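Coordinate analysis (summary)
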Amino acid sequence: MSIAIGVALMQAYIQRQQQKQNLFDKRFELYSAVSHFLSAVIKTEGIVFETTYETFVFETKPVKFLFGLDVTRFVSEIESAISHEKHRSEEHTSELQSL
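Description of the structure in this document. On a predicted model such as this, the values are computed, not experimentally measured, just so you know.

Criteria and cut-off values
Residues numbered from 1 in each chain as written. Predicted model: local features only at pLDDT ≥ 70, side-chain atom pairs only at ≥ 80, totals over all residues. Heavy atoms only, no water. Helix = DSSP H or I, 4+ residues; strand = E, 2+ residues; numbered from the N terminus. Buried < 20%, exposed > 50% of the residue type's maximum accessible area, 1.4 Å probe, protein only. Contact = heavy atoms within 4.5 Å. Areas by Shrake-Rupley, 256 points an atom, 1.4 Å probe, with all protein chains shown as cover. Polar contact = N/O pair within 3.5 Å; in protein donor to acceptor, adjacent residues only side chain to side chain. Phe/Tyr/Trp six-rings, centres within 6.5 Å; stacked < 30°, edge-to-face > 60°. 1 Å grid on protein atoms, 1.4 Å probe; cavity = no way out; pocket = protein on both sides within 12 Å on 5 of 7 lines; lining within 4 Å. Points joined across faces, edges and corners; volume = space filled by probe spheres on them. Nonpolar A, V, L, I, M, F, W, Y, C, P; charged D, E, K, R; others polar. Core = buried A, V, L, I, M, F, W, Y, C linked by side-chain atoms within 4.5 Å. Expected span 1.5 Å × (residues − 1).

In terms of regular secondary structure, the protein is built from four helices and zero strands. Overall, the protein shows an N-to-C arrangement of helices and strands of α-α-α-α. Split into buried and exposed, the 99 residues of the protein put 16% on the buried side. Put simply, 56% of the contacts in the protein that link residues at least 6 apart link residues at least 24 apart. Surface accessibility of the protein: about 8,100 Å² in total, with carbon and sulfur atoms responsible for 60%.

Encoded structure:
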């Protein structure tokens with residue numbers, strides 16, 4: 001009986017460690033997505049290509065499930081800033097075309 005309890009405790013410990021590792025892996029994927037996106041924006045001196053932005057949005061969708069409110073807000077602020085800039089750029093382009 002005591003062997004069975006020992007095995008059960010060891011399995012529970014291993015399972016918790018595996019869950020921690022899985023959470024770390026998922027969080028690191030999000031960190032990498034943000035890092036790659038910001039690096040791309042810096043390399044292009046602020047020019048954000050549509051495919052780069054779409055990839056960023058897709059890869060950061062699970063942020064609210066894996067991080068707290070502070071990281072979720074940070075990612076949302078990046079998305080909002082890019083979206084706002086994109087909208088402003090489209091307005092400027094349409095103004096130039098109407099001239």
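The structure having been displayed, the exposition proceeds.
Right, let's get into the side chain of T60. Take T60: it is sitting in the loop between α2 (50-59) and α3 (63-66). One polar contact links T60 to E79, side chain to side chain, over a distance of 3.4 Å. In contact with T60, not counting residues within four places along its chain, are L30, A33, V34, V75 and E79.

Another aspect to go through is the packing of aromatic side chains. Applying the stated criterion across every chain, the model contains three aromatic pairs. Considering the side-chain rings of F28 and Y31, the 5.7 Å spacing of their centres and the 35° angle between planes classify their relative orientation as tilted. With F28 and Y31 both in helix α1 (residues 2-43) and three residues apart, this pair spans about one turn of that helix. F28 sits in the partly exposed class, given a relative accessible area of 45%. Aromatic side chains F37 and F56 sit 4.3 Å apart centroid to centroid with 20° between the ring planes, which places their arrangement in the stacked category. One end of the pair, F37, is in helix α1; the other, F56, is in helix α2, with 19 residues separating them in the sequence.

Approximately 150 Å³ is the volume found for the second largest pocket. Lining the second largest pocket are R27, L30, Y31, V34, S35, T60, V63, F67, V71, F74 and V75. Taken together, the elements giving at least two residues each to the lining of the second largest pocket come down to α1 and α4 (69-98). Looking at the lining of the second largest pocket element by element, the count peaks at five residues for α1. Taken together, the residues of the lining of the second largest pocket sort by class into eight nonpolar, two polar and one charged.

L30, V34, F37, V41, Y53, F56, V57, V63, L66, V75, I78 and I82 together form the largest nonpolar core, which totals twelve residues. Those elements that place two or more of their residues in this core are α1, α2, α3 and α4.

Time to look at α1. The terminal C-alpha atoms of α1 lie 61 Å apart, and with 42 residues this matches the ideal 62 Å at 1.5 Å per residue to within 8%. Residues of α1 that are buried include every one of L30, S32, A33, V34, F37 and V41, and no others. E45, located one to two residues past α1, shows a positive phi value of around 55°.

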